[in-house]
Each structure stands twice: as C-alpha cells, then as structure tokens.
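Examination of the molecular architecture
Each chain, written out:
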Number of protein chains: 4
Amino acid sequence: MGYTAAVAGASGYAGGELLRLLLGHPEMEVGALTAGGNAGSRLGEHHPHLVPLADRVLAETTVDTLAGHDMVFLALPHGQSAAIAEQLGSETLVVDCGADFRLTDAREWERYYGTPHAGTWPYGLPEMPGAREALAGTRRIAVPGCHVTTATLALMPAMADALVQPDAVVVSVTGTSGAGKAPKPHLIGSEVMGAVSPYGVGGTHRHTPEIVQNLSQAAGSRVTLSFTPVLAPMPRGILATCTAPLRDGATAEGITAAYRACYADEPFVHLLPEGTWPSTAMTLAANTALIQVTVDPDAGRLVAVAALDNLTKGTAGGALQSANIALGLPEESGLPVTGVAP
Amino acid sequence: MGYTAAVAGASGYAGGELLRLLLGHPEMEVGALTAGGNAGSRLGEHHPHLVPLADRVLAETTVDTLAGHDMVFLALPHGQSAAIAEQLGSETLVVDCGADFRLTDAREWERYYGTPHAGTWPYGLPEMPGAREALAGTRRIAVPGCHVTTATLALMPAMADALVQPDAVVVSVTGTSGAGKAPKPHLIGSEVMGAVSPYGVGGTHRHTPEIVQNLSQAAGSRVTLSFTPVLAPMPRGILATCTAPLRDGATAEGITAAYRACYADEPFVHLLPEGTWPSTAMTLAANTALIQVTVDPDAGRLVAVAALDNLTKGTAGGALQSANIALGLPEESGLPVTGVAP
Amino acid sequence: MGYTAAVAGASGYAGGELLRLLLGHPEMEVGALTAGGNAGSRLGEHHPHLVPLADRVLAETTVDTLAGHDMVFLALPHGQSAAIAEQLGSETLVVDCGADFRLTDAREWERYYGTPHAGTWPYGLPEMPGAREALAGTRRIAVPGCHVTTATLALMPAMADALVQPDAVVVSVTGTSGAGKAPKPHLIGSEVMGAVSPYGVGGTHRHTPEIVQNLSQAAGSRVTLSFTPVLAPMPRGILATCTAPLRDGATAEGITAAYRACYADEPFVHLLPEGTWPSTAMTLAANTALIQVTVDPDAGRLVAVAALDNLTKGTAGGALQSANIALGLPEESGLPVTGVAP
Amino acid sequence: MGYTAAVAGASGYAGGELLRLLLGHPEMEVGALTAGGNAGSRLGEHHPHLVPLADRVLAETTVDTLAGHDMVFLALPHGQSAAIAEQLGSETLVVDCGADFRLTDAREWERYYGTPHAGTWPYGLPEMPGAREALAGTRRIAVPGCHVTTATLALMPAMADALVQPDAVVVSVTGTSGAGKAPKPHLIGSEVMGAVSPYGVGGTHRHTPEIVQNLSQAAGSRVTLSFTPVLAPMPRGILATCTAPLRDGATAEGITAAYRACYADEPFVHLLPEGTWPSTAMTLAANTALIQVTVDPDAGRLVAVAALDNLTKGTAGGALQSANIALGLPEESGLPVTGVAP
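An unreviewed UniProt entry lists chain A under the name N-acetyl-gamma-glutamyl-phosphate reductase, with Streptomonospora alba given as the organism. Per UniProt, chain A has the following entry under Catalytic activity (unreviewed entry): "N-acetyl-L-glutamate 5-semialdehyde + phosphate + NADP(+) = N-acetyl-L-glutamyl 5-phosphate + NADPH + H(+)". Quoted verbatim from the Function (unreviewed entry) field of the UniProt record, the comment on chain A reads "Catalyzes the NADPH-dependent reduction of N-acetyl-5-glutamyl phosphate to yield N-acetyl-L-glutamate 5-semialdehyde."

1. Let's talk about the overall build of chain A
Check the secondary structure of chain A and you find 11 helices and 13 strands. By the compact-globule yardstick of 20 Å for 342 residues, chain A fits well, its C-alpha radius of gyration being 19 Å. Seen through its C-alpha atoms, chain A measures out along the principal axes to roughly 60 × 45 × 40 Å. For chain A, the residues scored as buried account for 65% of the 342 residues in total. The long-range share in chain A, meaning contacts at least 24 apart out of those at least 6 apart in sequence, stands at 70%.

2. Some details on the pairing of strand 9 (residues 224–231) of chain D
Residue and element names in this part refer to chain D. Within strand 9, seven of the eight residues are buried, which leaves it mostly tucked inside the rest of the structure. Two elements, strand 7 (residues 167–174) and strand 9, share eight bridges in a ladder whose sense is parallel. Counterpart to Val171 in the pairing with strand 9 is Thr228. Pairing of strand 8 (residues 197–198) with strand 9, which is carried by two bridges, proceeds in the antiparallel orientation. Bridge pairing in strand 9 links Pro198 to Val230.

3. A closer look at the environment of Ala289 of chain A
Residues and elements named next belong to chain A. On the secondary structure map, Ala289 appears in strand 12 (residues 289–296). A sequence separation of 85 residues divides Ala289 from Thr204, and the C-alpha atoms of the two residues are 25 Å apart. With residues up to four places along the chain from it excluded, the contact list for Ala289 reads Leu153, Phe268, Val269, His270, Ala307, Leu308 and Lys313.

4. What to know about the interface of chain A and chain D
Each side of the interface is counted separately: chain A has 25 residues, and chain D has 25 residues. Note on chain A versus chain D: buried area summed over both sides is about 2100 Å², and carbon and sulfur give 72% of it. If you sort the residues of chain A by the area they bury against chain D, His49, Thr338 and Pro342 of chain A come out on top, with a joint share of 29%. Linking chain A with chain D are six residue pairs in polar contact (both at pLDDT 80 or more), by the criterion used here. Counting residues per element, the side of chain A that touches chain D draws most heavily on helix 1 (residues 13–23) of chain A, at four residues. A class-by-class count of the residues in the side of chain A that touches chain D yields 15 nonpolar, six polar and four charged.

5. Regarding the packing of helix 7 (residues 146–160) of chain B against helix 10 (residues 252–263) of chain B
Residue and element names in this part refer to chain B. Interhelical geometry of helix 7 versus helix 10 gives an angle of 115° and a closest axis separation of 8 Å. The handedness of the crossing between helix 7 and helix 10 is right-handed. Contacts from Thr152, Leu153, Ala154, Leu155, Met156, Pro157 and Ala158 of helix 7 reach helix 10 at Ala258, Tyr259, Cys262 and Tyr263. Among the residues forming the contact of helix 7 with helix 10, the class breakdown is 10 nonpolar, one polar and no charged.

6. Observations regarding the UniProt feature "domain: Semialdehyde dehydrogenase NAD-binding" (unreviewed entry) in chain A
The UniProt record annotates "domain: Semialdehyde dehydrogenase NAD-binding" (unreviewed entry) at residues 4–136 of chain A. Within the segment residues 4–136 of chain A, helix and strand shares are 30% and 17% respectively, and the terminal C-alpha atoms sit 19 Å apart.

7. With respect to the sheet that holds strand 3 (residues 59–60) of chain D
Residues and elements named next belong to chain D. Pairing is parallel across the open sheet formed by six strands, whose spatial order is 3-2-1-4-5-6. A single partner strand is all that each edge strand has here, and the edge strands are strand 3 and strand 6 (140–142). Relative to strand 5 (residues 93–96), strand 4 (residues 71–74) is paired through four bridges, and the arrangement is parallel. Pairing of Val72 across the sheet is with Val94, part of strand 5.

8. Some thoughts on the domain arrangement of chain A
All names here are of chain A. For chain A, the assigned domains read domain 1 (3–143 + 315–327) and domain 2 (147–308). Domain 1 and domain 2 are separated by 24 Å when their C-alpha centres are compared. Between domain 1 and domain 2, the residue contacts involve 24 residues of the former and 27 residues of the latter. Of all residues in domain 1, the largest losses of buried area upon contact with domain 2 belong to Tyr13, Tyr112 and Glu127, amounting jointly to 30% of the total for that side. Remark: the boundary between domain 1 and domain 2 carries four salt bridges. Joining domain 1 to domain 2, the criterion identifies 14 residue pairs in polar contact (both at pLDDT 80 or more). Only helix 1, helix 5 (106–113) and helix 11 (312–327) provide two or more residues apiece to the side of domain 1 that touches domain 2. Taken together, the residues that form the side of domain 1 that touches domain 2 break down as eight nonpolar, nine polar and seven charged.

9. Here's the deal with the relation of the copies chain A and chain D
Laying chain A over chain D is done by rotating through 180° and shifting 0.0 Å along the axis; what remains is an RMSD of 0.0 Å. Expressed as an axis order, the relation between the two copies is that of a two-fold axis. Here 100% of the contact residues of chain A are again contact residues in chain D; the copies associate through an equivalent surface.

10. As for the interface of chain A and chain B
On the chain B side, the residues contacting the 42 residues of chain A number 42 residues. Counting each side, the surface lost to burial between chain A and chain B is near 3100 Å², with a carbon and sulfur contribution of 65%. Interface area lost by chain A to chain B is led by Val196, Pro198 and Val201 of chain A, which between them contribute 16%. Here chain A is connected to chain B by two salt bridges. The salt bridge partner of Arg111 of chain A is Asp298 of chain B, with a shortest N-O separation of 2.7 Å. On the surface where chain A and chain B come into contact, there are eight residue pairs in polar contact (both at pLDDT 80 or more). Its residues assigned to classes, the side of chain A that touches chain B comprises 23 nonpolar, 13 polar and six charged.

11. Considerations on the relation of the copies chain A and chain B
For the match of chain A to chain B, the screw axis carries a shift of 0.0 Å, the RMSD comes to 0.0 Å, and the turn is 180°. Of the interface residues in chain A, 100% have counterparts in chain B that sit at the interface too, so the contact is made through matching surfaces.

12. Some words on the packing of helix 1 (residues 13–23) of chain D against helix 11 (residues 312–327) of chain D
All names here are of chain D. Remark: helix 1 packs on helix 11, axes separated minimally by 9 Å, with the N-to-C direction vectors making an angle of 50°. Relative to helix 11, helix 1 is oriented oblique. The interaxial crossing formed by helix 1 with helix 11 has right-handed handedness. Only Thr312, Thr315, Ala316, Gly317, Ala319 and Leu320 of helix 11 make contact with helix 1, whose side of the interface consists of Ala14, Glu17, Leu18, Arg20, Leu21 and Leu22.

13. Description of the UniProt feature "active site" (unreviewed entry) in chain A
Residue and element names in this part refer to chain A. When the UniProt feature table is mapped to this numbering, "active site" (unreviewed entry) covers Cys146. Counting through the fold element by element, Cys146 comes out in helix 7 (residues 146–160). Look at Cys146 and you get buried, because its relative accessible area is 12%. Excluding anything up to four places from it in sequence, Cys146 contacts His207, Ile238, Leu308, Asn310, Gly314 and Thr315.

14. Overview of the packing of aromatic side chains
Residues and elements named next belong to chain B. For the coordinates displayed, the defined rule picks out eight aromatic pairs over all chains. Ring centres of Phe101 and Trp121 lie 3.8 Å apart, and the angle between their planes is 5°; on these two criteria the pair is classed as stacked. Within this pair, whereas Phe101 is found in the loop between strand 5 (93–96) and helix 5 (106–113), its partner Trp121 is found in the loop between helix 5 and helix 6 (131–135), the two being separated by 20 residues in sequence. Here Phe101 falls in the buried class, since its relative accessible area comes to 4%. Between the NZ or CZ atom of Arg140 and the centre of the ring of Trp121, over which it lies, the distance is 5.7 Å.

What counts, and at which threshold
Residues numbered from 1 in each chain as written. Chains lettered and ligands numbered in written order. Predicted model: local features only at pLDDT ≥ 70, side-chain atom pairs only at ≥ 80, totals over all residues. Heavy atoms only, no water. UniProt positions renumbered as here; feature names shortened; annotations may be inferred. Helix = DSSP H or I, 4+ residues; strand = E, 2+ residues; numbered from the N terminus. Rg over C-alpha atoms; globule rule 2.2 N^0.38 Å. Buried < 20%, exposed > 50% of the residue type's maximum accessible area, 1.4 Å probe, protein only. Contact = heavy atoms within 4.5 Å. Pairing = 2+ DSSP bridges. Buried area = accessible area lost by both parts, 1.4 Å probe. Polar contact = N/O pair within 3.5 Å; in protein donor to acceptor, adjacent residues only side chain to side chain. Nonpolar A, V, L, I, M, F, W, Y, C, P; charged D, E, K, R; others polar. Axes fitted to C-alpha atoms, helices over the stretch in contact; angles between N-to-C directions. Left-handed = near helix turned anticlockwise from the far one by under 90°. Domains from an automatic or database assignment. Salt bridge = Lys/Arg side-chain N within 4 Å of Asp/Glu carboxyl O. Least-squares fit on C-alpha atoms with pLDDT ≥ 70 in both. Parallel < 35°, antiparallel > 145°, perpendicular 65-115°, else oblique. Phe/Tyr/Trp six-rings, centres within 6.5 Å; stacked < 30°, edge-to-face > 60°. Lys NZ or Arg CZ within 6 Å of the ring centre and 35° of its normal.

Quick look at the structure:
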C-alpha cells in the first residue's frame, strides 16, 4: 500500500467507480471520502455495492480533508476543481474527472462552459501520441470526457495516418449513468426504459470541442465534427459509430493495418477480429475499449465503431490508468481487462 | 365490417402487430391466419396479448387458405411473396411486408438479396410525393422497411427542397423486435439487455439501397448514404439520427419551415416543438413518427432525428395506412395516433 | 360524444393513462385537464405520446375548473379527494383513483394513512360479488389500488369457495410506474435497471389492509395476509404470486373449476389454458387480467398467479370500466382487451 | 500460481463466470477449456468480455483433456458429471456446478430428475453448519443451485434457532442468465424485456427438494416449502422473498440478533442495516449475499429477503469459495466482495 487516495464527490457515479477500482488496486489505499450535500451520510446509503466501505461516513469536500493524501481524485461538478487544486500543493497528484482543465483553447472553454478558463493540464488519454510522456511524473491530470475517449479511440488512427478527410460524423449511444445521479424527471426508470433519445444535438454538447481538439491533434489540422449523443436504456456503456470520407487511395486493408499498428501494444484498446463488431456488453466494468473498422465503398467512407464502459475506461478507469503512469506504477495496475457478462 | 383480411406469417412479430391493428379497425375483419412451422398451433401460444384471437388455430400458408379474402397481408421471409401474390388474383389487395417488391432497380435487388428481382409494386410510404396517387385503387402494395421509413421521413423534406447536399449519414438505433422471433444466440435476453451494438455496418444492410432509392427520388439526383443500424435493449422503436451537409444559403429557419410545410397535413408525422427531441418511447404502439431538426453551424450540417415504432408505423401500421388508401377508406381508419407510455 | 370527462392530476402516470383511454372511448370527450405544480405547462411536455392533446395547457386543480363535467377523474395524492368531491355536487360522477374512499374500516385507514377517514365509496372492482350492483348508477367510485386488484382477482375464487384457509401470502412484482413520476434517487433509470428489490415489507404497504378487506369479504371471515411488493426493471405490469393452504378436500380440478366458473362471463379476466402461466408482457396497455392456478401437493397449498397492467386494469382502465357501469354504458366500452407486445 | 484449473462447459454462462473469477484468482491458472457443440471455436466468440482468453480454442469435453489439472470445474448439463468424475481420479478436485451430487435422498433425485441417483458429495454452501468441515480437504464438491443458495441463506438462521415454524413460502425473482444460453423462443430479448413471469410453479422446479433439504437440516425436522421462481427482465441477480409463521415468543429483536450472530463472521453474507432492504443491483458480479429480515405482527410471520448474483455467489463464486476451502487456501481468495453498480 504505497499511496493514499482521497475521492471528492464520492457519492456520485464517477466517485463510486473510482472507489470500486481503488479497492482492487494493490498499491493504493482509500483515504478521505468527501461529498457535497451528502456529507455526513454513510457511503453504504449511496453505494451499497461497495461493501468494504459501507460504514465509512462522507466528509465535507474541503481542502483540509483532502490534503495530506498522495493523490486526490476530483469527481465534482464543473468549475470546482481549480480552487481546490491550487490549495492542495504541487506535490499532491490531483486527478480531475471534471472538464475544467481538458481544453487547450480558452475561447472554446468559454463558449461551451460560460466561465473563465482555468487552464490546461496533461491530458489523461494515454493512447494519444505524446500523452504518456506528458503524464509521466505529472501531478495534475485532466481526465477526458467519456464520449470523447470513445470517439477519439475510434477515429484517431485514421486521422493520424491521413486515411480520411478531417470531417467526422459521430453518433454516440450511451447508458444513463453518464447523466449522473441527480434525480431529474426525464431520467427516472419509467421514462428511460424503452426510450432511445438524442440530447445535445447540433454540436451543443460540451464534449464536442474536446473531440475536435483530439482529432485535430491527431490529424494535424482542424477537424470538422458533427456529434450527436444518444441516450439508451442501460446503466452503463458507450457505443460510438464514427464515419469520415475516405481519402484517395485509402483501402480497407490499409486502414485495418493502421488500426492494428496503432493499438498493437495497447493494454486496454483492442481491434476485434474481422467481422466482429463491438458491443457495450463486452466491456462492462472493464477498462477495455473494443474497436472495429470497415470501408463502405458506395459511400466512400470509413466506418469505425468503438465500445467502452463510460464509468470505467470512460472515466474512473482512465483516471487510474493515467495516475499509474504519473506515479511510475505499471500502467495496468489495478485495472480490470476482463468485463462482466452477461 | 366491409373487408376481410388474411394474415400470412401470423405468428411472427409483424403478423402479430397486423392483427392487433386489424382488431381495432372498424372496417376490417380478421380472416385466415397462416404460418409456416407454427401451423397447427393456437395463436395464443405465440401472441397471448391478442386475447380475442387466442383460440384461433394457425393454418398452413397456402394460396387456398389465403384466397377469398378482400385483402391478404404477407409477413413472410423475403422471396416468398411473388409466388403467392401471382395466384391470389388481381382483385385481391396484397400487402407485402417483405422486401420483394420494394426496389425499382433489379441490379440493386440482386446485389443485396442474391435472387432474381420479382418486380416493383406501389410503395407504401404515403408521405412520399406521389405515393398516395400510386396507392389509390392499387391491389399490390410494397411496405417499406422500418429503418427506411424512419430515415426517409427524417431527411426527405431537406432533400426535396435541396437544402442539403445529396450525401447522408444515418445511424439508426432500433429495438430487438426488428430482428424477428427466431431464437438466435445473440438475441436472447441475457445478451441483449445492457448491450448496444451495430450490425450490417459499411453499407451491407439490405435497407441501404431502399433508403438511397427514396432519398434520391426526393432529391432528384443520386444520394450517397452511409447507413449504420444499431441494436438497443428495448423491444420496439427506432430512432434515426440523420445528417447531411448544408447547401449554401440554407438556414435553420428555412429548414424548419420546409419540414413544417412538408408535414403540415400529415396525420401521422409531426415536427415537434422547438427544443423537443423525439424519443422512441413517445411513439410506442402508435402509427406516429416524430421529427426534429436543427442546424450545426460549426459542422455545416443539418441534423434531423426521427422516432417511430418499428412494428407500427415502421411495418404493420404503415401497411394498414396504405391499405386504407388503396381501398378508399379514410387513411387514418383503425390507426392509433396515441402511443402507450411509460 | 355523450359525456364530458375532466382529469385532475393529468400530468402524472395515472392521469396520462386515463387520457389515453378516454381518447379511445366512443362516448366520452376529454374536458378540463388540471395539475398541481405543472399547471400552466403543455400536456405534451409531460405526455408526448398523447399526440392529439399535446397542445392542451394544464389548468390548476380547482373545483371551478373541474365543475360542469359529467364526470371527474381524480388522480391526486392521497387526502385531496374528499374536499373536491364534496363541492362537485352529487350529480357529477367522481372517480377517485386515490386511496381516500377505499377502506371501510376507519381504524385501518387511520393506522395506515394517519389522517381522519373520509368515508367509503362504492368500490371499483366490478368482478367482486355485489360490486356491479353497487356501481350501477352511483356518482362516487373508489378505484382499487393496483396491487389490490391483482391479488384480489388471483385469490378471490378460492377464498369465496372456501377452497383455501384464510391465510394468504402474496408477493407482488411490479414495474416502476406505480411509484409515480416524482424524481427520487432510487427511481432513476441507472438505479432501476438491473435491480429487483422489495419495499413496504412486513405488512407496512398501504395496499395491505385493502387486500385483506377484499379477501375477507370473499372468504366471509377475516383473512390473514403477508404481502410483499417487489420492484422490477420494467415500466408497467404487476405479477402477483399468491398462495394459501388448501382446505381438506380441495382438489386441483375443483379449484380450476371454481376459477373458471367465477370468471367465465368476465370480459377482462381470463383463466389461461392449463400449463400456461401469466406474464406481465401479455397484458401491456390492455384492461386484461390473466390468471393461472395450480396445487402444490407437497406444500399443501394453492398457488395462484395473476398478471395485469398496473396503469390499465390496475388503475385507469379499472376506473373507466367502473365508470361505464355507473353511467349505464356497455362495460367494455373504450377498453382495450388486446395488449401490446412485444 | 499454485493450481491449474480446467473448465468443462466453458462456453456457457456458468463457465464464463468461472473463468472471469479464475482470471482474478492469485493462486489459480486457467488450464483446458472444453465444450460440447462449441468445441473448436474461439472462446472470444462466446465470451468476448474475457479479453485475455479471447483466442483460446475450446476443446471437446473429454476426460483426456480435463485430466492432469489440479482441479476441474464441471458446468455441464445434469447427468454428465458422474462419468467424468469417476475417471478423473480421486486426487483431482472436481467441482460440479450441476445438480448430480447435491441431493442426499435418492428418491427425491429420481422424482425430480428421472434418472438413477449418482451419489452425494460434500455440499458447497460453506455458510451451512458443518459445511466447512466437510469441504476441508475434499476432492469432490457439489455446488448448490442458485435459488437454493439464496433461499437457504435467507431462512437458515430462523430455522436453525426455531424462531419460525417449518413451513416456508419462497418467491424467488431471478434474471435470465439462470436459464442458460440455449436460444429458446421465450428467452429472446423481445420477449423478456417488460416481462415478469413465473415458471416451475407448484413445487415442480428442481431446486425445490434441495431447498427443503437445506432448511430441514437447519431446522432439525422436515420443512414444508412452497417455492415459486419468477423470471424478471435483467441478465443477473436473484431476490428471494421468504416467509414463515413465527413461533410463540419469537420477537423482531431476537430474530435480528439470531441473523446477526449467524452471519457475523461470514465474509460474504451480510445483514443490512435496519430499514435497508436488499436489491439485486447491490450484488452484481460480487460473491456477496445481502439479507434483511422483519416481523409482520398482523400476519404472524417472519419475512426474510436475500439478494445475490446468481452467477457469482449463486454459482461460480460459491464454487470457487468452496474450492478455496477444499485446497486450504484463504476462503476469500480471488473472490470479489465489491459489486459493480450502477
């Protein structure tokens, strides 16, 4: 047990998933658990599945409570991370599951979030070029959005190798946990079961500029993106169907080879065997992303599909993977590659 | 009770939905019910929800059994309709829920179905230009595929008014009933619940050429299409997210006006109030299609989303709507516009 | 259109289902729609599936608004019906979907609801002995609770014919719509999907004394009851598994005969063919209750299982069925016997 | 990696869950994987979530393939275990997830299974009195049925302390994975979603005599049982609602104390805090059983509810827990106590 980890926002879904993974991590020990409105209550009231922590009482989210740990995971509403991080000191590893430090372009931040830009931290998507170098030794990590991780992994190899034009359409179907635990009328079970519905249509979803940022970095030029998230009746999972026009000369073989090369050494990203397509159910509770690609010759398009668990690889698992790198631990430490099915 | 209706393939999902609607139709009487392997069994074994017909015994699907009705609905596997229709005589209204007579281009048929083309019948999507004229008085109707109806209704006004370029991307999320009742390993409940997965990726799904046919007819020129169907954990419903590049000068206002004009007099297709997006749950068991559109200025794209019940407006309801027109009945006769929710 | 009907509580699930059925009733016209906190909003915001009423604006629930209709359906929180009913006048048919007037024993009311007893109205379960007589011509109807209707229909014939001892165990599995539309943390989709959990355990659920009242009336003596409701991941439906010790001499044949005799002439209650057991999916959106019984010789017990749709036969359909009787209309008028499946 | 483990029936759900747990067990190494009809195919075709084993090819289930491992897990259809076990030699630990060696009474076996009784092995429910002693050092383990584990854990303390009469009613709601992977018409997703339905009603389910056996052993006298399993729309989980008449003098406090004492030292069985009731969602993918009890004074009954994951604590986890004991490993080794939620 080399490291102590505090979790701020422990009663939410991202917080709960962080705790589930931390409980299985051989080098980390769960420290302070904090919450906002739920401070003072037992963790078991909010996450009865976290049996070993059921009797832990949630503290207020304050710097005093969070200080003194080797690392602090922030699973807070957008806009609350900067103030806390500043006071935690530069020796503490701060891993922000919120959006505050993801975007590099302050104008994009202001346009989508309406508040001043707090800054940019090393980006917690280790599979991106240069990311592991930036993460090694850092004490600040910005964890990507869950739709962002999915779409980026699906299209990055094609963009990086200039196999497609920088003009992507992404429809990303997701379970309900991404919407969080706050009870809202349209999220109650009676409304959700049997319902598939889009939200944030027309480029208004806040993950849009972050996907553009990643794909543009991969492509080396500004990528245009149509992004539509869609809610589906399941608790977890994201399946992103991504397409972009093929560049001249791009072939199915070349594309498959590019994807295979890109992810050959990745422990958590896998190109499926030919003819097998990803399903969200293949990735439940694992830090695994599964990908398949094909070429549609009539449409002149690449179609790439990626599936992952929005709470694991899409949030808490990705956070822990990046934290492992930052601390010099084996990247796979404490991260399940095996999912739960059926 | 002016008309008798036989249903071939009565034990399947399309057959069951046809019977549900026929039971509520003031001018139609349920006649012979036929099946293939299920012939000889009680309908109640297959459709216990059809209480008034529970004790009816399924006959073999033969011309003798089907003959003598005013109309025959065929809900059969592809390729079986032509032989039956030929022998039923030209006075019988034959409504084919299969694919056999949907495509106008024999080469497309052969490419996607691998058998000789049987021909082309009047197309049962009354909302398309000229469709009602072609359906009036006909005795042969080809009912569209369920994804096809959804995508066509979503994009037709924009294509028809040349508001977008003829280059569409459609991701169409659907419930499991579209895959039919044959028990297959990947369709059992344990596999389906929690799973969102694509199928027929890369333009290989048989609904692809049919969507192209409809959109091209609307656009007046050949439309390019990337179509990806996605399976979601619900029994019914389709939500199609459709996008195409805006033409110069197309505005959000102009687009909304075009959609409103196109569907103003349609009894079953509704543009939702601004800011409201369709959900499959809004259309369960109704012959209703709900649509919303927006413009994504950064992507330079129209995004149009349509939802409907794949078994009702997407199959049996659309079939009955077209049959009403063919027979000169009120088009809305026997067709629920009110859905079931939650 | 002989009768006008107002619905108080129109934005809730019971209200929505009442409206769905009223829209299909040949003799009733939808009048005022009222709400509490949702007054002033469009009905389409709450019930987008009720397409023909989407643009109706909800009024405040006041006597002035509700007065002047032939009938008023109250779908209000417990305790609000008495004051409204008093002022509506004795000529108005008031159908209360709440609990206020269900119980005959004031002490039981006070024990379970903690407020003074408002009184007892004719009980809206027409299948009970004497119920149709009490309902004919009445202008006040107390609609039973949904679990109550299910358990009563399942056990009434055995109790009435003294085939079992007056000592019942009922486990009643229900969908989430029975819990209403108020967003509560444990009812959001992420929590509900994948979750089966009991509530109101140990005789504390308010439907307990009402089931006891009905079964005791059928048995002619006080029935002891262990009642446990269980929440399951589906929007609608109740399946009650009910058991009671066999009396000496009771046989499987005798029991089946008793059930068959009891429900032979009922339009909405059906004993299934031998070997077929009810499923909630068989009754979705129909006013149908399906029942099967068997004898467990080792346990010396009757096992009776009933399934119905909690919002239809369990609430709004049962309400309309009773209203039909009260008004002298055909009992089946406007009530679907055919369900929606799959 | 002290021990090698073969899994026969690896392509089924029990086999898949065994492999998921074996992959996380620090002392066990996955050896041969065998199947019946699926022999020759990649494991990844059947269990894509088992990423590290995706490319392993399934062998035929033969003694030759299974021999030479330290332990062999049998997840086979009933009746196939005896012949294999006999030939595997007495040094090999054989853990049978089937029913063949569970029952002690040959007549009960023959009555429920219709074949000659193969014998009785040490029973793999360590929480039962004397079970750990019988399991220590054994080389043969009969893993209990999933409903059996749930109902036994729910009622055992009350039966053992004579707090209730030996007359139980159990309604056990379960997910679909218990029905296995063979595609059957009533198990396809379209049929299962939205459906709650009973099966094996009237004491006919094969888990009935096994529950009776366990509860009778606990009570010290023959227990009468009414057992009804109910299928619910979720992949995993069992929630058993169990009730029995209170004996004179039994109090709520005494009952709670008895349960607390019984499970105080159990690593995998937990009595929840007062007022909290188990949900299947609390136990997904964990080897945890959660229990709550109360007294219904009006009914004069104990109500005990237990939840667990039918594939983990109910099958594969229970099997591994017992194998740990047999091998002298720490009982909790390789077994998750933390579930996956939401």
